[in-house]
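Residue-level listing of the chains:
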Amino acid sequence: MMRTRRKTSSITNIMLNLVLCMSIMAVIYLIKQATGADGLFSPDVVIEERGSEAGMKLIQDDIRDFLLHHDATQPALARQDFKEIRQIKRIPAKNLSFRDFYDNYEMTGTPLVISNITVKGKWTLKDIGEICKDSTVNPLTPTKRKGTNWANLKAAEKGITVKEFVKQLDDNVQPSPYMHDWSVQKNCPKLLEEYVVPKYYAQDYLRNLETEASGAAGAFGGTMLTYGETWPSLFVGEKSTGSGFHVDSGDTHFVMHMIEGRKHFRLIRNLDRVAAYEDRNRGTFTSDLFKPDFGELPLLALLTVYETVLGPGEILFVPGGSAHQVVNLSPTIGISTNFIDNSNIQRCISQFETQLMFDVADALKDGLKTKSLATEMDPSDLNLLDANRHRARYGKRKP
């Protein structure tokens, strides 16, 4: 009798495994139909239109509900590794025209490292500590539990001066404080006197917005500021600091220009987020690209992950909507920008509306109606403090 039960149980398990595999394939097929993608998790998919937020949320819920009613450790999802880890392509700036960057990387949502571009100005830790000594910064530290805070970071209860921040770094205070997305224009514009925005993102539409909104600097309780003046922003941190898995606000494009040290980036393209265990209501992820738990989160095995180690004089382009994670491999200083141009403006408008940032969405719509927002195909580098030149070329703000 016991042998018969074991034999029956074995047959039942085999049948359940077959059903599970077929069900998983069916779910993936339905998602492909819903998104119109030829290869749902293929890195070669050109994302022309992301689709509705509600549709993506529905797909995510369907996958989670499916896994709740099945054994997620079955062979179909038992691989203990990502589908693929790809190194992000590098191109020297002298070999990359704006048109090439726009057509082949922005429009296709493909990450890229642009090399051999030095950041102009005074950007050493000593310079920052002296020039910005009386400015205030709210250092960030990692949260203990993933998925509770955006990028798994929390702000200090009160701000400190930049002079105090630098001293804490020198004194090796633990947990090590992290200057994260600190608005240079708002907090210490003197640093920008020699700074030049590379031509690849010099035409940022955000700089023409005459609206106030809580941008990245306000995500941790900062003050309201003109959204376009949130960037460029500064990142300063010791070895092993960084940011958890996250997506930048509004699906804006993101660039990190390294000044000192090395940052290890891992990211996934927009469409793969459906398998990354994202809580879209909170804007958080329970997954970790550097320490993936394939047993608890088996869909991670479907992801194609892009990675690079970014060094001084290099710029990483992270396409809008691409979820990314960062670990500092050494003490680092970097300057970043989030930007919008013709390649992502419609998607950004939809995302800002989804995030209830209607003032930013309406300002972008107004810019399109009045044709004050336009992309040149042969732009030049831009000195940020030359405001008159910028407004003359790309449209004036409202009086």
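Values in this document were obtained by computation on a predicted structure and should not be read as measured data.

Draft legend 1. Spotlight on unusual backbone geometry. The linkage connecting Gln 174 with the following residue, Pro 175, adopts the cis geometry, with an omega of -5°. A cis amide bond links Trp 231 to the next residue, Pro 232, at an omega of 5°. Looking at the element boundaries, Pro 232 is found in the loop between strand 11 (225–226) and strand 12 (233–237). Even without being glycine, Asn 172 reaches a positive phi, approximately 55°. Take Asn 172: it is sitting in the loop between helix 5 (162–170) and strand 8 (179–183). The residue Tyr 277 is not glycine, and still its phi comes out positive at about 60°.

Draft legend 2. Expanded view of the sheet that holds strand 8. If you walk across this open sheet you meet the seven strands as 2-3-19-14-21-12-8, and the pairing is mixed. The open sheet is flanked by strand 2 (90–92) and strand 8, the only strands paired with a single partner. Neighbour-to-neighbour, the strand axes of the sheet open up by a mean angle of 25°, direction not taken into account. Here strand 14 (residues 253–260) runs beside strand 19 (residues 315–318); their pairing, made up of four bridges, is antiparallel. Paired with Met 256 across the strands is Leu 316, a residue of strand 19.

Draft legend 3. Quick look at the sheet that holds strand 15 (residues 263–268). Here five strands make up an open sheet; going across it, the order is 1-18-15-20-13 and the pairing mixed. Each edge of the open sheet is held by one strand with a lone partner, namely strand 1 (84–87) and strand 13 (242–246). When the angles between neighbouring strand axes are averaged without regard to direction, this sheet yields 20°. Pairing analysis gives four bridges linking strand 1 to strand 18 (residues 304–310), with the strands arranged parallel. Bridge pairing links Glu 84 to Thr 304 in strand 18.

Draft legend 4. Examining the pattern of salt bridges more closely. Counted by the stated rule, this structure contains nine salt bridges. Residues participating in the shared-partner salt-bridge network are Asp 251, Arg 273, Glu 278 and Arg 347.

Draft legend 5. Local environment of the pairing of strand 18. In terms of burial, strand 18 is largely enclosed, as six of its seven residues are buried. As paired strands, strand 15 and strand 18 are joined by five bridges and run antiparallel to one another. From the neighbouring strand, Lys 263 faces strand 18, where its bridge partner is Leu 310.

Draft legend 6. Representation of the state of the cysteines in the model. Applying the stated criterion to the full structure yields one disulfide. For Cys 132, the disulfide goes to Cys 188, at an S-S distance of 2.1 Å. Handedness of the Cys 132-Cys 188 disulfide follows from its S-S torsion of about -90°: it is left-handed. Of this pair, Cys 132 sits in the loop between helix 4 (125–131) and strand 4 (136–137) while Cys 188 sits in the loop between helix 6 (184–187) and strand 9 (196–197), placing them 56 residues apart in sequence. The exposure class assigned to Cys 132 is buried, which follows from its relative accessible area of 1%.

Draft legend 7. Focus on the packing of helix 7 (residues 345–354) against helix 8 (residues 358–369). Two elements in contact, helix 7 and helix 8, have axes whose closest approach is 7 Å; the angle formed by their N-to-C orientations is 150°. Between helix 7 and helix 8, the crossing angle belongs to the class labelled roughly antiparallel. Considering only the axes of helix 7 and helix 8, their crossing is left-handed. Across the interface between the two elements, Ile 345, Gln 346, Ile 349, Phe 352 and Glu 353 of helix 7 pack against Phe 358, Val 360, Ala 361, Leu 364, Lys 365 and Leu 368 of helix 8. Residues of the contact of helix 7 with helix 8, tallied by class, amount to eight nonpolar, one polar and two charged.

Draft legend 8. Spatial organisation of helix 7. Regarding helix 7, the residues found buried are Ile 345, Arg 347, Cys 348, Ile 349, Gln 351 and Phe 352. Among the residues trailing helix 7, Leu 356 stands out with phi positive, at a value near 60°.

Draft legend 9. Structural context of the confidence of the model for the chain. Averaged over all residues, the pLDDT of the chain equals 76, while 67% of them reach at least 70. The low-confidence segment residues 69–76 (pLDDT under 50) makes 12 contacts with residues lying over four places distant or belonging to another chain. Across residues 394–399, where pLDDT falls below 50, the model places 20 contacts with residues more than four positions away in sequence or in other chains.

Draft legend 10. Seen up close, the side chain of Ser 336. With respect to the helices and strands, the residue Ser 336 is situated in strand 21 (residues 332–339). Ser 336 gets classed as buried once you look at its relative accessible area, which sits at 1%. Among the polar contacts listed, one links the side chain of Ser 336 to the side chain of Ser 233, at a separation of 2.8 Å. Apart from residues lying up to four places away in sequence, Ser 336 is in contact with Asp 181, Trp 231, Pro 232, Ser 233, Phe 235, Phe 254, Val 255 and Met 256.

Draft legend 11. How the structure looks around the nonpolar core. Counting residues in each nonpolar core, the largest one holds 39 residues, and the members touching the most others are Ile 114, Trp 123 and Leu 234. For this core, the secondary-structure elements that each account for two or more residues are helix 3 (98–106), strand 3 (112–115), helix 5, strand 8, strand 12, strand 14, strand 19 and strand 21. At four residues, the largest contribution of residues to this core is made by helix 5. Dropping the residues within four chain positions of it, Leu 234 is found in contact with Trp 123, Ile 128, Met 179, His 180, Asp 181, Trp 182, Val 184, Leu 191, Ile 333 and Gly 334. Counting 18 residues, the second-largest nonpolar core is a separate cluster that includes Ile 268, Phe 294, Leu 299 and Leu 300.

Quick notes on the rules
- Residues numbered from 1 in each chain as written.
- Predicted model: local features only at pLDDT ≥ 70, side-chain atom pairs only at ≥ 80, totals over all residues.
- Heavy atoms only, no water.
- Helix = DSSP H or I, 4+ residues; strand = E, 2+ residues; numbered from the N terminus.
- Pairing = 2+ DSSP bridges.
- Axes fitted to C-alpha atoms, helices over the stretch in contact; angles between N-to-C directions.
- Salt bridge = Lys/Arg side-chain N within 4 Å of Asp/Glu carboxyl O.
- Buried < 20%, exposed > 50% of the residue type's maximum accessible area, 1.4 Å probe, protein only.
- Disulfide = S-S within 2.5 Å.
- Parallel < 35°, antiparallel > 145°, perpendicular 65-115°, else oblique.
- Left-handed = near helix turned anticlockwise from the far one by under 90°.
- Contact = heavy atoms within 4.5 Å.
- Nonpolar A, V, L, I, M, F, W, Y, C, P; charged D, E, K, R; others polar.
- pLDDT = per-residue confidence, 0-100.
- Polar contact = N/O pair within 3.5 Å; in protein donor to acceptor, adjacent residues only side chain to side chain.
- Core = buried A, V, L, I, M, F, W, Y, C linked by side-chain atoms within 4.5 Å.

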